[in-house]
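Residues per chain, in single letters:
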Amino acid sequence: MISRRELFPHVIEMNHQARQRLGCSVYLIYDEADWLLIDIGYEDTAEEIVDLIRQMNFALSSCRYLICTHADVDHIQGMKRAQELLPSAKLLGHPECKLHLAGPDRIITFAEIAAQGISIDLPAIEVQQTIEEGDVLSLGSLKIDVWTTPGHTPGQLAFKFGKLLFAGDNLFRDGSVGNIDAHHGSDIASFITSLERIRDADVEWLLPSHGPVFRKEPQMVQKTINRLKEYQHMADFGTCAVDWPLLDEWEEELARGTMPE
Ligand SMILES: [Zn+2]
């Protein structure tokens, strides 16, 4: 038996519990005997994670939910294995996540990035119940609000539990955000709206899907928002931009016959 290293009451994070990096953040929330997991990471660590949970004296038969924050391979590849190990749990995800995992869609999930030689096995995974904005998850006596926070991907979920926000890939401690990629359905305008919501929410702590948990500082969130606002008018993220003022300037300069300065 090993002791539980709670980050906050009712909340354990499995990398923190193991005192080593296993992969993406895997949050365990529990009340009395009931527990759930937010994400699981890659398949090759799923068994190790479930074993750690068993050693912390949680009954595997008391796992109520396995939850996907979104359909990215590094968050959910191990879900099929987790379902086998935890048959009492219901697998939850956004409708978009359900759609992409059923196939599965190898581009949207980042399982296949041909230009970088990345090709990762991803089994078809069945999301058994869809959840989205406004839903409330019950776990024992706990209530967890489901937020849909599009930007990184249209179906990105976050979960508010009191003053904690399980933030998915919305924002990390260094101010970076989840990959902005047209092939992933990223949308910078929606991303900004999601970050503004997080900035203004009654939330003290952000529990991201990668890296350490951190205190929410509105100025820090704003700095990230400002950066994304600039991206909307620059070429950095290609078709994710809303416009490119440089080309308007160029058009005027071409008409005037302006020479390089
Ligand atoms: Zn991620």
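Residues numbered from 1 in each chain as written. Predicted model: local features only at pLDDT ≥ 70, side-chain atom pairs only at ≥ 80, totals over all residues.

(A) Molecular detail of the overall build of the protein chain. What the protein chain contains, in helices and strands, is 8 helices and 14 strands. Here the C-alpha radius of gyration of the protein chain, 20 Å, is about what a compact globule of 261 residues would show, namely 18 Å. For the protein chain, the spread of C-alpha atoms along the principal axes amounts to about 75 × 40 × 35 Å. Counting all 261 residues of the protein chain, 38% fall into the buried class. By sequence separation, contacts in the protein chain at least 24 residues apart represent 62% of the contacts at least 6 residues apart. (Helix = DSSP H or I, 4+ residues; strand = E, 2+ residues; numbered from the N terminus. Rg over C-alpha atoms; globule rule 2.2 N^0.38 Å. Buried ≥ 20, exposed ≤ 12 C-beta atoms within 10 Å, placed from the backbone. Contact = placed C-beta atoms within 7 Å.)

(B) Local environment of the pairing of strand β10 (residues 142-148). Here 4 bridges tie strand β9 (residues 136-139) to β10, and the two strands are oriented antiparallel to one another. Bridged to Leu137 within β10 is Ile144. Counted between consecutive antiparallel strands, the loop separating β9 from β10 contains 2 residues, among which Gly140 sits at a positive phi close to 55 degrees. As defined by bridge partners, β10 adjoins strand β11 (residues 157-161) across 4 bridges and the pair is classed as antiparallel. Pairing of Val146 across the sheet is with Phe159, part of β11. (Pairing = 2+ DSSP bridges.)

(C) Highlighting the nonpolar core. Counting residues in hydrophobic clusters, the biggest one holds 61 residues, and the most contacted among them are Leu28, Ile29, Leu37, Ile40, Leu66, Leu165 and Phe166. Contacts of Ile40, omitting those with residues within four sequence positions, involve Val26, Ala46, Ile49, Leu66, Ile76, Gly78, Met79 and Ala82. (Core = buried A, V, L, I, M, F, W, Y, C linked by C-beta atoms within 7 Å.)

(D) Main features of helix α7 (residues 218-231). End to end, α7 covers 20 Å across 14 residues, agreeing with the expected 20 Å (1.5 Å per residue, within 8%). Here α7 has its buried residues at Val221, Thr224 and Ile225. All buried residues of α7 project into a common sector of 105 degrees when viewed along the axis, lining one side. Opposite the buried face of α7, by more than 90 degrees, sit the exposed residues Gln219, Lys223, Asn226 and Glu230. (Expected span 1.5 Å × (residues − 1). Arc of directions from axis to C-beta.)

(E) Fine view of the sheet that holds strand β3 (residues 34-38). Pairing is mixed in the open sheet, where 6 strands are placed in the order β1-β2-β3-β4-β5-β8. Of all the strands in the sheet, the pair left with one neighbour each is β1 (11-13) and β8 (129-130). Bridge analysis of strand β5 (residues 90-93) against β8 gives 2 bridges, and the strand direction is parallel. Across the sheet, residue Leu92 finds its bridge partner in β8, namely Gln129.

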